[in-house]
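Understanding the architecture of this molecule
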Amino acid sequence: MELTVKTSHPYKIRIESGCLNQVGMHAGQLFPAGAKAMIVGDTNVLPIYGDAVEHALTQNGFSCFRFMFPAGEQSKRLSVVEQIYCALADSRFTRSDFIVALGGGVTGDMAGFAAATFLRGIRFLQIPTSLLAQIDSSVGGKTGVDLPQGKNLVGAFHQPSLVLIDPQTLATLPPRYFSDGMGEAVKYGCIKSRALFDLLRTAGENVGSDPAFLEKMITDCVDIKREVVEHDELDTGERMLLNFGHTFGHALEKLYDFRKLSHGEAVGIGMVMMTRLSEKAGLTKPGTADEIAEVLQKYQLPVCDEMGLEKIFEATAVDKKSNGHSLRVILLKEIGSSLIQTYSREEFSKFCGLKDGMWHE
Ligand code: NAD
Ligand code: GLY
């Protein structure tokens, strides 16, 4: 399956089992013969897939270099980006050359940011290997790194030149990360597609080892992201719908210092919490939160947490979707239909059912 994202710099997304081995042929259509490729990957992914990618690229006349960094979110920082710059400069990369981001969202965000900024911008390919990266982070051009003060605080919009999604790579992804990605897939169903939601709800066991299912699910998710990004490339409106579940999800991740819950787990809990509250407020069709919870549980994701709502509410005060006085939250009318709602602090406190109607900072 091939999709085209019509952003400021349009690009193709190929979703096909085994397409990782065709990266050389695809790159040959985009870059000059003999160009250099820096394959960036972490210590889990590069040893598994680095050789295949390098082989495919060299077969098509590209000169390959590798940059490997320790796996994990803690590597997504400026000091590692600086090391990538140095590797590129040492190998005399020019604007005719390119980066290949081979890995999960950490790799894609960081290698993409290096590409956005090295020589004021060189091109890059995304070869996402985690489910989260395949259905979300590799598409849309958000690149960046974390600061000690918070996640994704430094970054740039820089669209890739091509995204190659090979579902076969999910065979080596640890199960907890697979579930994490399924949380994001459920999110797409919730905000935009009852059909996708039903596909996830009714799927059989072991979807992770069903190539036809994976290809269909990934394509459906990516197509939703494509459409949203085309309408709002710079994240000033509709793209915020992708943050469904993130207001409480981010708050929970932060309250647990990013240790207890993975991102997908926290977002799943956030989707159910927000929907329970909006059902109470009469904004969402009754029964929707239970439906979401049922699907999440099917994919081994938690749907509630012992952290008190008041603490979670307090932690939303620093949400990126908050401007200090108001907060934009994503709500469902029903499965497949979502909206962006802006609340003052006081209104959101009331929406959350807190007693004094005031924010606690
Ligand atoms: P990750 O890149 O750390 O990957 C998760 C783990 O899986 C890592 O240990 C990695 O080494 C391993 N892994 C990945 N693919 C593998 C494979 N095929 N086989 C074996 N191991 C594999 O994290 P992630 O969950 O992919 O992504 C999370 C990151 O994505 C966060 O930094 C988040 O901020 C970012 N993100 C970005 C966007 C965006 O639009 N740019 C959207 C959502 C999330
Ligand atoms: N994952 C959110 C976005 O790309 O906007």
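Scroll up for the structure.
The rules behind the values
Residues numbered from 1 in each chain as written. Chains lettered and ligands numbered in written order. Predicted model: local features only at pLDDT ≥ 70, side-chain atom pairs only at ≥ 80, totals over all residues. Heavy atoms only, no water. Helix = DSSP H or I, 4+ residues; strand = E, 2+ residues; numbered from the N terminus. Rg over C-alpha atoms; globule rule 2.2 N^0.38 Å. Buried < 20%, exposed > 50% of the residue type's maximum accessible area, 1.4 Å probe, protein only. Contact = heavy atoms within 4.5 Å. Areas by Shrake-Rupley, 256 points an atom, 1.4 Å probe, with all protein chains shown as cover. Pairing = 2+ DSSP bridges. Near = heavy atom within 4 Å. Polar contact = N/O pair within 3.5 Å; in protein donor to acceptor, adjacent residues only side chain to side chain. Axes fitted to C-alpha atoms, helices over the stretch in contact; angles between N-to-C directions. Parallel < 35°, antiparallel > 145°, perpendicular 65-115°, else oblique. Left-handed = near helix turned anticlockwise from the far one by under 90°. Nonpolar A, V, L, I, M, F, W, Y, C, P; charged D, E, K, R; others polar. Salt bridge = Lys/Arg side-chain N within 4 Å of Asp/Glu carboxyl O. Core = buried A, V, L, I, M, F, W, Y, C linked by side-chain atoms within 4.5 Å. Patch = residues over 30% accessible without salt bridge, like charges linked within 9 Å, V, L, I, M, F, W, Y side chains within 5 Å. Phe/Tyr/Trp six-rings, centres within 6.5 Å; stacked < 30°, edge-to-face > 60°. Lys NZ or Arg CZ within 6 Å of the ring centre and 35° of its normal.

Scanning the protein chain from terminus to terminus reveals 13 helices and 11 strands. Its C-alpha atoms give the protein chain a radius of gyration of 20 Å, within 12% of the compact-globule value 21 Å for 361 residues. Considered along the principal axes of its C-alpha atoms, the protein chain spans approximately 65 × 40 × 35 Å. Residues classed as buried in the protein chain amount to 57% of the 361 residues present. Contacts in the protein chain between residues at least 24 apart in sequence constitute 73% of all its contacts with a sequence separation of at least 6. Put simply, the protein chain shows about 15,200 Å² of open surface, and 51% of that area lies on carbon and sulfur atoms.

By the bridge criterion, 8 bridges tie strand β10 (residues 326–334) to strand β11 (residues 337–344) in an arrangement that is antiparallel. Across the sheet, the residue bridging to Leu327 is Tyr343, located in β11. Hairpin connection, β10 to β11: the antiparallel pair is bridged by 2 residues, and Gly336 has positive phi, about 95°.

On to the site of ligand 1. Neighbouring ligand 1 are 25 residues, the closest being Asp42, Glu73, Gly105, Ser130 and Thr172. Here Asp109 contributes a side-chain N or O atom positioned 2.9 Å from a nitrogen atom of ligand 1. Here ligand 1 has 860 Å² of accessible area as a free molecule, and 90% of this is covered by the chains. Looking at the shell around ligand 1, the elements with two or more residues in it are α4 (105–117), α5 (131–137) and β8 (150–157).

What follows covers the packing of helix α6 (residues 175–192) against helix α8 (residues 211–231). Two elements in contact, α6 and α8, have axes whose closest approach is 10 Å; the angle formed by their N-to-C orientations is 55°. On the basis of the axis angle, α6 is oblique to α8. Handedness of the crossing formed by α6 with α8: left-handed. Across the interface between the two elements, Phe178, Met182, Ala185, Tyr188 and Lys192 of α6 pack against Leu214, Met217, Cys221, Ile224, Lys225 and Val228 of α8. Its residues assigned to classes, the contact of α6 with α8 comprises 9 nonpolar, no polar and 2 charged.

On to the site of ligand 2, then. Around ligand 2 lies a shell formed by Asp136, Lys142, Lys225, Arg239 and Leu242. Contact between ligand 2 and Asp136: a nitrogen atom at 3.1 Å from a side-chain N or O atom of the residue. Residue Arg239 places a side-chain N or O atom 2.7 Å away from an oxygen atom belonging to ligand 2. In isolation ligand 2 exposes 200 Å². Once the protein is present, 84% of that is buried. A class-by-class count of the residues in the shell around ligand 2 yields 1 nonpolar, no polar and 4 charged.

The subject of this paragraph is the sheet that holds strand β5 (residues 98–103). Strand order in the open sheet made by the 7 strands is β1-β2-β9-β6-β5-β3-β4, with mixed pairing throughout. Sheet topology places β1 (2–5) and β4 (63–69) at the edges, where each strand pairs with a single neighbour. The mean angle between the axes of side-by-side strands here comes to 20°, regardless of whether they run parallel or antiparallel. Note that β5 and strand β6 (residues 123–128) share 6 bridges and pair parallel. Bridge assignment links Leu102 to a residue of β6, and that residue is Ile127. Sitting on the sheet, helix α3 (residues 78–90) is in contact with β3 (36–42), β4 and β5, with an inclination near 160° to β4.

Throughout the structure, instances matching the rule amount to 24 salt bridges. Each of Glu73, Lys76, Asp109 and Asp146 takes part in a single network of salt bridges with overlapping partners.

This paragraph deals with the nonpolar core. Counting residues in each nonpolar core, the largest one holds 49 residues, and the members touching the most others are Ile13, Leu200, Met217, Ile218 and Ile292. At 8 residues, the largest contribution of residues to this core is made by α8.

A few words now on the packing of helix α7 (residues 194–202) against helix α11 (residues 288–298). Where α7 contacts α11, the axes come no closer than 9 Å and their chain directions differ by 50°. Classified by the angle their axes make, α7 and α11 are oblique. Considering the relative orientation of α7 and α11, their crossing is left-handed. The segment α7 lies against α11, with Arg194, Phe197, Leu200, Arg201 and Thr202 engaging Glu291, Ile292, Val295 and Lys298.

With that out of the way, let us pick up a nonpolar patch on the surface. Residues Leu78, Leu147 and Leu153 make up a contiguous nonpolar surface patch of about 230 Å² in total accessible area. Within the element layout of this structure, Leu147 appears in strand β7 (residues 142–147). With relative accessibility at 31%, the residue Leu147 sits in the partly exposed group.

According to the stated counting rule, one finds 9 aromatic pairs in the structure shown. Consider the rings of Tyr85 and Phe118, whose centres lie 6.3 Å apart with planes at 20°: the pair is stacked. Of this pair, Tyr85 sits in helix α3 while Phe118 sits in the loop between α4 and β6, placing them 33 residues apart in sequence. Following the ring pairs from residue to residue traces out a cluster consisting of Phe248, Phe313, Tyr343, Phe348 and Phe351. Positioned above the aromatic ring of Tyr188 is the side chain of Lys187, whose terminal nitrogen or guanidinium carbon lies 5.0 Å from the ring centre.

Geometric descriptors of this kind do not, in isolation, establish any biological role.
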